[in-house]
Amino acid sequence: QLDPENTGFIGVETFASLVHSHELPLDPAKLDMLVALAQGNDEGQVCYQELVDLISSKRSSSFKRAIANGQRALPRDVLLDETGLGFYKRFVRYVAYEILPCEMDRRWYFYQHRSCPPPVFMAAVTLTQIIVFLCYGARLNKWVLQTYHPEYMKSPLVYHPGHRARAWRFLTYMFMHVGLEQLGFNALLQLMIGVPLEMVHGILRISFLYLAGVLAGSLTVSITDMRAPLVGGSGGVYALCSAHLANVVMNWAGMRCPYKLLRMVLALVCMSSEVGRAVWLRFSPPLPASGPQPSFMAHLAGAIVGISMGLTILRSYEESLQDQCGWWVLLLSYGTFLLFAVFWNIFAYDL
């Protein structure tokens, strides 16, 4: 009735009177954003499709453009000024400042965040890794450098070059770990970095990034370090960490996480030390070993996946990935690598 010509637009005053007269149960924060969208276009009209997208929380870059070009700003210029928040909402605000570089994005995330569904992926992966480690530790009575136990490398979860035909091993190796130190390092990073990333960017994006790093790690080892087995979730962990660190560097001025320079240095030192330790265990094992020790190439492959594909995912908050040409280029490159690695393992491995 308000749009007889079926243009898809109505005036913002008309929409405001509609909301007032019918007492529509709209989220006040989303209502402010819709008005900002209207004032961001040339004629100051409310778009029906933008209304649908906003109510359904669909990712769209139009919101950012409207706020940047419009005359209306969202309420509460600084999210840190919020008072009277409960513990969980303070944690959500902390996550917003930890992950997102723009105040507008932080407010949008804070106001539209819902606790359901919870960030279950990273928690489930970490819990499974701990359970598997405890089971093998109790069974073998060995908690440090478990890979030196001859029975450990016979696990059906370990990626081993002699059993590469069992394709599930290219993913399940992420549940096995060299020892307590590697498990502790990976679990800590997964919870400290992976959970906040999953809260902001969603389970689909973060699980895809993590598993892409894990798969790229095992396939890279199968090509570059063909005699070595592989254990640990470092491929996925380094994909998350490198993507997050690269996003912080690219948006350094906008990030508001405290002591960001110190934390950046500490993260790089810890990651470099872990890679150095893996290299040392690969080529200079502390004990005589009957065969090659686990490879370190998964760390590097995961970092490459994070810096390339992961950075694109994290920089596309509230934007659709399928609308970006760069995303398809990276996805095609990753698919080409996977295809090459699969054919290598089938036809060229014995060369």
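Reading the values: rules and limits
Residues numbered from 1 in each chain as written. Predicted model: local features only at pLDDT ≥ 70, side-chain atom pairs only at ≥ 80, totals over all residues. Heavy atoms only, no water. Buried < 20%, exposed > 50% of the residue type's maximum accessible area, 1.4 Å probe, protein only. Helix = DSSP H or I, 4+ residues; strand = E, 2+ residues; numbered from the N terminus. Arc of directions from axis to C-beta. Expected span 1.5 Å × (residues − 1). Contact = heavy atoms within 4.5 Å. Salt bridge = Lys/Arg side-chain N within 4 Å of Asp/Glu carboxyl O. UniProt positions renumbered as here; feature names shortened; annotations may be inferred. Core = buried A, V, L, I, M, F, W, Y, C linked by side-chain atoms within 4.5 Å. Phe/Tyr/Trp six-rings, centres within 6.5 Å; stacked < 30°, edge-to-face > 60°. Lys NZ or Arg CZ within 6 Å of the ring centre and 35° of its normal.

1. With respect to helix H3 (residues 48–55)
Given 3.6 residues to a turn, an α-helix orients residues that are three or four positions apart in the same direction.
Item 1. By the burial criterion, the buried members of H3 are Leu51, Asp53 and Leu54. Angular distribution of buried residues about the axis of H3 spans 165°; they occupy a single face of the element.

2. What about helix H7 (residues 120–140)?
Item 1. With 21 residues, H7 should reach 30 Å at 1.5 Å per residue; the first-to-last C-alpha distance of 30 Å fits that figure.
Item 2. When H7 is considered as a whole, its buried residues turn out to be Phe121, Met122, Val125, Thr126, Gln129, Val132, Phe133, Tyr136, Gly137 and Leu140. Seen from one end, H7 has its buried residues packed into an arc of 130°, which puts them on one side. In H7, the exposed positions that point more than 90 degrees away from the buried face belong to Leu127, Ala138 and Arg139.
Item 3. Buried residues belonging to H7 abut helix H9 (180–201), helix H10 (203–224) and helix H11 (234–250).
Item 4. Backbone geometry just downstream of H7 places Asn141 in the positive-phi region, at approximately 55°.

3. A few points about the pattern of salt bridges
Once their charged atoms are close, side chains differing in charge can pair, the charge on each being opposite to the other.
Item 1. On inspection of all chains with the given rule, the structure shows four salt bridges.
Item 2. Of the charged contacts in the structure, one is a salt bridge between Glu98 and Arg263, with a shortest N-O distance of 1.9 Å. Placement of the pair is Glu98 in helix H5 (residues 87–99) and Arg263 in helix H12 (residues 260–283), with a sequence separation of 165 residues.
Item 3. Using a relative accessible area of 8% as the deciding quantity, one classes Glu98 as buried.
Item 4. A salt bridge links Asp225 to Arg282; the shortest N-O distance between them is 2.9 Å. Note that Asp225 is positioned in the loop between H10 and H11 and Arg282 in helix H12, a separation of 57 residues in sequence. No difference in accessibility class separates Asp225 from Arg282, as the two residues are buried.

4. Looking at the UniProt feature "active site" (unreviewed entry) in the chain
Item 1. Here the UniProt-annotated "active site" (unreviewed entry) positions come out as Ser234 and His299. Annotated residues spanning 66 residues; largest pairwise C-alpha distance 5.6 Å, indicating a single compact cluster.
Item 2. By the element assignment, Ser234 lies in helix H11.
Item 3. For Ser234, a relative accessible area of 2% corresponds to the buried category.
Item 4. Aside from chain neighbours lying at most four places away, what touches Ser234 is Gln182, Asn186, Glu274 and His299.
Item 5. Relative to the elements of secondary structure, His299 occurs in helix H13 (residues 297–314).
Item 6. Excluding residues within four positions of it along the chain, His299 makes contact with Ser234, Tyr238, Glu274, Val275 and Ala278.

5. Side note on the UniProt feature "transmembrane region" (unreviewed entry) in the chain
Item 1. Feature annotation in UniProt assigns "transmembrane region" (unreviewed entry) to the following positions: residues 120–139, 203–223, 235–254, 261–283, 295–314 and 326–347.
Item 2. Within residues 235–254, the helical portion is 80% and the strand portion 0%, while the C-alpha atoms at the span's ends are 28 Å from each other.
Item 3. The span residues 295–314 carries 90% helix and 0% strand; its end-to-end C-alpha distance comes to 28 Å.

6. Concerning the nonpolar core
Inside soluble globular proteins, nonpolar side chains tend to come together where they are buried.
Item 1. Judged by nonpolar contacts, the single largest core of 87 residues is most densely connected at Tyr109 and Tyr210.
Item 2. Those residues in contact with Tyr210, other than ones at most four positions away along the chain, are Phe121, Met122, Val125, Gln129, Met174, Gln190, Gly233, Gly236, Val237 and Leu240.

7. A word on the environment of Ala243
Item 1. Mapped onto the secondary structure, Ala243 falls in helix H11.
Item 2. What makes Ala243 buried here is its relative accessible area of 0%.
Item 3. Residues Ala243 and Leu209, spaced 34 residues apart in sequence, show a C-alpha to C-alpha distance of 9.3 Å.
Item 4. Ala243 has contacts with Leu209, Gly306, Gly310, Leu311 and Leu314, leaving out every residue within four places of it along the chain.

8. Considerations on the packing of aromatic side chains
Item 1. Using the criterion set out here, one finds eight aromatic pairs in the structure.
Item 2. Between Tyr159 and Phe170 the ring centres are 5.0 Å apart and the planes differ by 45°, which places this aromatic pair in the tilted class. Of this pair, Tyr159 sits in the loop between H7 and helix H8 (169–172) while Phe170 is found in helix H8, placing the two residues eleven residues apart along the sequence. Across the pair, exposure class does not vary: Tyr159 and Phe170 are buried alike.
Item 3. Taken together, a centroid distance of 6.1 Å and an interplanar angle of 40° make the contact between Phe340 and Trp344 tilted. You can see Phe340 and its partner Trp344 sitting in helix H14 (residues 325–348), four residues apart, about one turn around the helix.
Item 4. Here Phe340 falls in the partly exposed class, since its relative accessible area comes to 47%.
Item 5. The ring of Trp252 has Lys260 sitting right over it, with the charged end atom 4.8 Å from the ring centre.
Item 6. Here the guanidinium or amino end of Arg282 rests over the ring plane of Phe283, the centre of that ring lying 5.2 Å away.

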